[in-house]
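Examining the three-dimensional arrangement
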Amino acid sequence: MAGLQSRRRRRGTPSTAAGTHGPALLALGCLLALGACTSVPTGAAEPGAVPAPPVRPSVTAAPAPTLAALPDPATSSRPVVAVTATRGPATLGTVDLRPGQLWISLDCVADDDPGQLAVILESGSRMDIDCPGDEVYLTRNLDQDHPGGPTGIRVEAGPDVRWNLLIEQ
């Protein structure tokens, strides 16, 4: 028995077959690991495959128009009434106006369908306007011969109509 060597192995050491093929198995493991690093990512097309068309986002409705700032006062006029970002009907009170020219600037937009708006001066002036639902409507009117004096002002409009008003003299 002197010529035979014991082939006992300790726990955790490679067996004889693994010991002789160990470098080959190690090289194979490295190649497999490198192949994983260069493989095609999940969801990507294989080389030579026809790429899928790009995903287009769904179409969304354009945001509703917003009211702009009121125009600058006319050069020789002073603001008498200025109301911004209001919705629906409103009573604006009574103001003391001078006889002569009166500028009325107004912009409006309806939330959905076209809406109606009326600016009413108790002195007998009335301005009726159609407010579109897809864009802001801006108008500037001149009353050349306003009689002056205490004048009540009110706006009639539906609850879906947004508006700004500037009255100058």
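Structural data are supplied above this passage.
Residues numbered from 1 in each chain as written. Predicted model: local features only at pLDDT ≥ 70, side-chain atom pairs only at ≥ 80, totals over all residues. Heavy atoms only, no water.

Description of the state of the cysteines
Inspection of every chain in the model, using the stated rule, returns one disulfide. Residue pairing for C108: its cysteine sulfur links by disulfide to C131, the two sulfurs lying 2.0 Å apart. Where C108 bonds to C131 through sulfur, the torsion about that S-S bond is close to -100°, and the disulfide is left-handed. Here C108 is found in strand β3 (residues 100–110), whereas its partner C131 is found in strand β5 (residues 126–131), with 23 residues between them in sequence. In this structure, C108 and C131 share a single accessibility class: buried. (Disulfide = S-S within 2.5 Å. Helix = DSSP H or I, 4+ residues; strand = E, 2+ residues; numbered from the N terminus. Buried < 20%, exposed > 50% of the residue type's maximum accessible area, 1.4 Å probe, protein only.)

Comments concerning the environment of V109
Residue placement: V109 occurs in strand β3. Its relative accessible area of 0% is what places V109 among the buried residues. V109 sits 23 residues away from P132 along the chain, and the two C-alpha atoms are 5.5 Å apart.

Details of the sheet that holds strand β4 (residues 115–121)
Overall, antiparallel pairing links the four strands, which are arranged β2-β7-β4-β5 in an open sheet. Strands with a single pairing partner mark the edges of an open sheet, and in this sheet they are β2 (90–97) and β5. Strand-to-strand, the axes of this sheet are offset by a mean angle of 15°, without reference to chain direction. One ladder, built from seven bridges, connects β2 with strand β7 (residues 149–157); its direction is antiparallel. (Pairing = 2+ DSSP bridges. Axes fitted to C-alpha atoms, helices over the stretch in contact; angles between N-to-C directions.)

Some words on the nonpolar core
What tends to happen in soluble globular proteins is that the nonpolar side chains get buried as a cluster. Counting residues in each nonpolar core, the largest one holds 23 residues, and the members touching the most others are L106, L117, V161, W163, L165 and I167. Listed by contribution, the elements that provide at least two residues to this core are β1 (79–87), β2, β3, β4, β5, β7 and β8 (161–168). Counting residues per element, this core draws most heavily on β3, at five residues. (Core = buried A, V, L, I, M, F, W, Y, C linked by side-chain atoms within 4.5 Å.)

As for the environment of A90
With respect to the helices and strands, the residue A90 is situated in strand β2. Classification of A90 as buried rests on a relative accessible area of 17%. Sequence-distant contacts of A90, defined by excluding residues within four places in its chain, comprise R154, V155 and W163. (Contact = heavy atoms within 4.5 Å.)

Some thoughts on the sheet that holds β8
Spatial ordering of the open sheet is given by β1-β8-β3-β6, a layout of four strands whose pairing is antiparallel. Of all strands in the sheet, those with a lone pairing partner are β1 and β6 (137–146), marking the two edges. Between one strand axis and the next, the sheet turns by 15° as a mean value, whatever way the strands run. Both β3 and β6 contribute to a ladder of eight bridges, which runs antiparallel. Its bridge partner being in β6, I104 is matched across the sheet by N141.

Examining the side chain of E168
Mapped onto the secondary structure, E168 falls in strand β8. The exposure class assigned to E168 is buried, which follows from its relative accessible area of 0%. Reaching out from E168, the side chain makes a polar contact with the side chain of R140 at a distance of 2.7 Å. (Polar contact = N/O pair within 3.5 Å; in protein donor to acceptor, adjacent residues only side chain to side chain.)

Points about the environment of D128
Tracing the sequence through the fold places D128 in strand β5. For D128, a relative accessible area of 52% translates into the label exposed. For the pair D128 and A157, spaced 29 residues apart in sequence, the C-alpha separation works out to 10.0 Å. Each residue touching D128, except ones within four places of it in the same chain, is listed here: L117 and A118. Within the structure, the side chain of D128 is placed 3.0 Å from the side chain of R126, a separation counted as a polar contact.

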